[in-house]
Amino acid sequence: MRAFYHPDQALHAPRQFMRYGVLTDPTDLPVRTERLLGALQQLGVEIETPSDYGREPALAVHPAHYLDYLDSAYPRWLELPNHGPEVLPNTFPYWNGDPAKDARPPCPTDQLLAQTGYYLGDLAVPISEFTYRSALRSTHTSTAAAEAVIAGEAPTYALCRPSGHHCRADRATGFCYMNNAAIAAQRLRSSFGKVAILDIDAHHGDGTQEIFYRRNDVMTVSVHVDTDHYNPFFTGRPHERGHGAGEGYNLNIPLAPGSGDEAFLAAVRDGAKAVTDFGAEVVVVALGYDTHAEDPLSMVKVTTEAFRQAGEIIGSMDVPKVIVQEGGYQISVIGDCLFGFLDACREPR
Ligand SMILES: [Zn+2]
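Predicted, not measured: the structure shown is a model, and the values here were computed from it. (Residues numbered from 1 in each chain as written. Predicted model: local features only at pLDDT ≥ 70, side-chain atom pairs only at ≥ 80, totals over all residues. Heavy atoms only, no water.)

### Description of the coordination of the zinc ion
Okay, so step 1: Bound to the zinc ion are the protein donor atoms Asp-201 (OD), His-203 (ND1) and Asp-290 (OD), situated 2.0 to 2.1 Å from the metal.
Okay, so step 2: In terms of primary sequence, the donors binding the zinc ion are separated according to D-x1-H-x86-D. Residues Asp-201 and His-203 agree in their burial class; the two are buried. (Donors = N, O, S within 2.8 Å, 3.2 Å for Na, K, Ca; no water. Buried < 20%, exposed > 50% of the residue type's maximum accessible area, 1.4 Å probe, protein only.)

Okay, structure coming up:
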């Protein structure tokens with residue numbers, strides 16, 4: 001198996017994260033990457049540096065005006081009087097978030113604070129000096145993993161950081177600035193007719209869902225903690241099945257808070273079956289470990305061993321796979337979770 005990662009991805013080092021009304025230490029630390037790289041070394045997988053694809057793969061999913069904002073926000077922020085260390089919004093424009101509705105109207109002004117409210121959907125996506133560079137490199141990593149599968153090699157693993165699955169076409173939230181899994185899926189469409197994304201991070205893949213919500217060529221499936229109780233709250237319910245041509249091509253499988261391995265693995269099996277029934281020719285797996293019982297953000301109790309079993313279930317699907325890294329914040333367990341998942345996925349019993 002081949003694996004990709006660019007060292008520039010570690011440059012993004014957020015300093016603040018709003019939790020329960022307190023600007024506290026961030027959970028998406030660069031040290032996460034070191035643990036995941038360690039697991040790859042343990043597996044004997046060589047880590048390759050992706051080519052510089054520029055903006056082209058990202059532009060297949062995100063509009064240029066959004067990428068321009070991410071690129072320019074920090075230097076513009078430094079011109080504000082008494083500015084803080086990172087770009088963060090202090091306004092949130094009303095938008096009902098209904099994924100069946102047309103895209104929201106454009107930002108009516110290019111004023112920095114207005115754009116910051118428009119493009120940054122929450123307080124978990126601070127922008128500092130290297131954020132744009134790291135996020136763009138993360139898209140190169142998922143693109144390289146997709147390209148390797150197009151060249152006939154599978155499975156492949158993209159060590160993406162920053163993560164991507166909460167990022168909508170034109171809005172960052174939840175530690176995500178560009179949607180790496182969506183970019184990989186779009187790339188795969190150049191060679192495969194039917195692509196599926198199977199997201200098993202603890203959080204609903206709301207950005208990914210919205211990007212493909214009206215399409216029937218990319219099926220999106222998300223296994224996640226019930227959003228009645230858990231971020232991102234406003235989407236992720238079973239009745240969200242897609243819209244227009246996309247009707248029936250989005251599947252949400254919520255897990256009750258407190259669920260353990262059995263419920264998690266049953267949901268992964270259901271997700272894998274839906275992907276197979278769809279007739280997917282290739283699968284992008286959005287892999288997170290924040291369902292782990294020890295994860296600081298977890299509301300469910302999945303064990304390290306269950307990630308090996310999830311790798312087994314997904315590895316048994318008879319299609320090539322691109323595995324894209326999403327969340328997982330308990331530094332002491334994420335390396336073992338990745339190790340078990342990839343070890344089982346690349347050679348399922
Ligand atoms: Zn997550």
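### With respect to the sheet that holds strand E1 (residues 2-4)
Okay, so step 1: In space, the eight strands of this open sheet follow the order E4-E1-E5-E10-E9-E6-E7-E8, with parallel pairing throughout. On the outer flanks of this sheet lie strand E4 (47-48) and strand E8 (250-255), each paired with one strand and no other.
Okay, so step 2: Summarising the sheet, strand E6 (residues 195-199) and strand E9 (residues 282-287) pair through five bridges and their orientation is parallel. Counterpart to Leu-198 in the pairing with E9 is Val-285.
Okay, so step 3: Each of E6, strand E7 (218-225), E8 and E9 touches helix H8 (residues 261-278); the most contacted strand, E8, lies at about 170 degrees to it. (Pairing = 2+ DSSP bridges. Helix = DSSP H or I, 4+ residues; strand = E, 2+ residues; numbered from the N terminus. Contact = heavy atoms within 4.5 Å. Axes fitted to C-alpha atoms, helices over the stretch in contact; angles between N-to-C directions.)

### Observations concerning the nonpolar core
Okay, so step 1: Membership of the largest hydrophobic core comes to 56 residues, with the highest contact counts inside it found for Tyr-157, Ile-200, Phe-264 and Phe-341.
Okay, so step 2: Secondary-structure elements contributing two or more residues to this core are helix H1 (31-42), E6, E7, E8, H8, E9, helix H9 (304-315) and helix H10 (331-346).
Okay, so step 3: With eight residues, the single largest contributor to this core is H8.
Okay, so step 4: Setting aside anything within four residues of it in sequence, one finds Tyr-157 in contact with Met-1, Arg-2, Ala-3, Phe-4, Leu-36, Leu-40, Ala-145, Tyr-289, Ile-323, Gln-325, Leu-338 and Leu-342.
Okay, so step 5: One finds Phe-4, Tyr-69, Ala-73 and Ala-158 within the second-largest nonpolar core, a separate group that totals 50 residues. (Core = buried A, V, L, I, M, F, W, Y, C linked by side-chain atoms within 4.5 Å.)

### Digging into the environment of Thr-227
Okay, so step 1: By the secondary structure assignment, Thr-227 is in the loop between E7 and E8.
Okay, so step 2: Taking relative accessible area as the criterion, Thr-227 reaches 1% and is therefore assigned buried.
Okay, so step 3: Each C-alpha atom of the pair Thr-227 and Leu-255 lies 8.9 Å from the other, and the pair is 28 residues apart in sequence.
Okay, so step 4: Among all residues touching Thr-227, those that are not within four sequence positions of it are His-204, Pro-232, Phe-233, Thr-235, Gly-236 and Arg-237.

### Things to note about the packing of helix H3 (residues 64-77) against helix H4 (residues 112-119)
Okay, so step 1: One can describe the packing of H3 onto H4 by two numbers: an axis separation of 11 Å at closest approach and a directional angle of 130 degrees. It follows that H3 is oblique to H4 by the angle criterion. Pair H3 / H4 crosses with left-handed handedness. Touching His-65, Tyr-66, Tyr-69, Ala-73, Arg-76 and Trp-77 of H3 are Leu-112, Leu-113, Gln-115, Thr-116 and Tyr-119, all from H4. (Parallel < 35°, antiparallel > 145°, perpendicular 65-115°, else oblique. Left-handed = near helix turned anticlockwise from the far one by under 90°.)

### Description of H1
Okay, so step 1: Over its 12 residues, H1 runs 17 Å from end to end, which matches the ideal 16 Å to within 8%, given 1.5 Å per residue.
Okay, so step 2: When H1 is considered as a whole, its buried residues turn out to be Arg-32, Thr-33, Leu-36, Leu-37, Ala-39 and Leu-40. Projected down its long axis, H1 shows its buried positions confined to an angular sector of 155 degrees, all on one face. Turned more than 90 degrees away from the buried face of H1 sit Glu-34, Gln-41 and Gln-42, all of them exposed.
Okay, so step 3: The inward-facing, buried residues of H1 contact E1, E4, strand E5 (156-158), strand E10 (321-325) and H10.
Okay, so step 4: Phi turns positive one or two residues past the end of H1, at Gly-44, with a value near 75 degrees. (Expected span 1.5 Å × (residues − 1). Arc of directions from axis to C-beta.)

### What to know about the pattern of salt bridges
Okay, so step 1: Applying the stated criterion to the full structure yields 19 salt bridges.
Okay, so step 2: Asp-68 is the partner of Arg-55 in a salt bridge, and the nearest nitrogen-oxygen pair spans 2.9 Å. Taken together, the residues Arg-55 in the loop between E4 and helix H2 (56-59) and Asp-68 in helix H3 connect sequence positions 13 residues apart.
Okay, so step 3: If you follow the salt bridges from partner to partner, you end up with Arg-2, Glu-48 and Glu-153 in one network. (Salt bridge = Lys/Arg side-chain N within 4 Å of Asp/Glu carboxyl O.)

So yeah, pure geometry; function would need other evidence.
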